[in-house]
Amino acid sequence: MSETVIAFANDHAAVDYRQPLMAAVEKAGYTVLDLGTGATASVDYPDYAKAMADALSEGRASRGILICGTGIGISIAANRFSHVRAALCHSTTDARLSRQHNDANVLALGARTLGPETAMDCVHTFLNTDFEGGRHKRRVDKMS
Ligand code: RB5
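K.L.:
How do you make sense of the environment of S57 when you look at a structure like this?
P.N.:
Looking at the element boundaries, S57 is found in helix α2 (residues 45–57). On a C-alpha basis, the gap between S57 and V84 in space is 8.8 Å, while along the polypeptide they are 27 residues apart. A polar contact is formed between the side chain of S57 and the backbone oxygen of D54, at a distance of 3.2 Å.

In structure tokens form, the structure reads like this:
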């Protein structure tokens, strides 16, 4: 598995929103795996959630960032896959705890509901926070 590859997948609601986030992830030293969409034509977010799930299970990325209008649909769809722990975050506290307590491997964001600066902070927090393990590992293990 490539620990330095971060996958991005999103629907049409996030085509512009994702750009500065991808650039920041690359600037932080990661390789970005772009799973689309890069076009504004309407698409179905479950297809992009599946693309993310496949990229993670195939070891093409170690973590991912999913974005749709609210982050709700795409996180629900992604969490249908047992190896995905997608956390819909609206604050850096959410992002930090999603890593420390839930070992989230996917950060989900809402392009229409979360401002770009907070989204940027969530991305950095998600990438820079480790899982605490311990009692949290027992709970995470029970989910799969
Ligand atoms: C697309 O219009 C919108 O429904 C989608 O981006 C997302 O918000 C669904 O949860």
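Past the structure itself, the notes keep going.
K.L.:
How should the site of the ligand be read in this particular structure?
P.N.:
Every residue close to the ligand is listed here: D11, H12, A13, Y45, C68, G69, T70, G73 and R112. The side chain of D11 places a nitrogen or oxygen atom 2.5 Å from an oxygen atom of the ligand. Here an oxygen atom of the ligand and a backbone polar atom of T70 are 3.0 Å apart. Out of a free accessible area of 290 Å², the ligand has 70% covered by protein chains. Its residues placed into classes, the shell around the ligand shows three nonpolar, four polar and two charged.

K.L.:
When you look at the pattern of salt bridges in this model, what are you seeing that I'm missing?
P.N.:
Pairing between side chains becomes possible if they bear opposite charge and their charged atoms approach one another. In this structure the tally under the stated criterion is six salt bridges. Of the charged contacts, one joins R99 and D103 as a salt bridge, the two residues approaching to 3.0 Å between their closest N and O atoms. The exposure class assigned to R99 is buried, which follows from its relative accessible area of 6%. The partner of D141 in a salt bridge is K137, and the shortest N-O contact between them spans 2.7 Å. Here the residue D141 and the residue K137 both occupy positions in helix α6 (residues 135–143), the gap between them amounting to four residues, near one helical turn. A relative accessible area of 43% means that D141 is categorised as partly exposed. Of the residues examined, K137 reaches a relative accessible area of 43% and is grouped as partly exposed.

Reading the values: the criteria
Residues numbered from 1 in each chain as written. Predicted model: local features only at pLDDT ≥ 70, side-chain atom pairs only at ≥ 80, totals over all residues. Heavy atoms only, no water. Helix = DSSP H or I, 4+ residues; strand = E, 2+ residues; numbered from the N terminus. Polar contact = N/O pair within 3.5 Å; in protein donor to acceptor, adjacent residues only side chain to side chain. Near = heavy atom within 4 Å. Areas by Shrake-Rupley, 256 points an atom, 1.4 Å probe, with all protein chains shown as cover. Nonpolar A, V, L, I, M, F, W, Y, C, P; charged D, E, K, R; others polar. Salt bridge = Lys/Arg side-chain N within 4 Å of Asp/Glu carboxyl O. Buried < 20%, exposed > 50% of the residue type's maximum accessible area, 1.4 Å probe, protein only.

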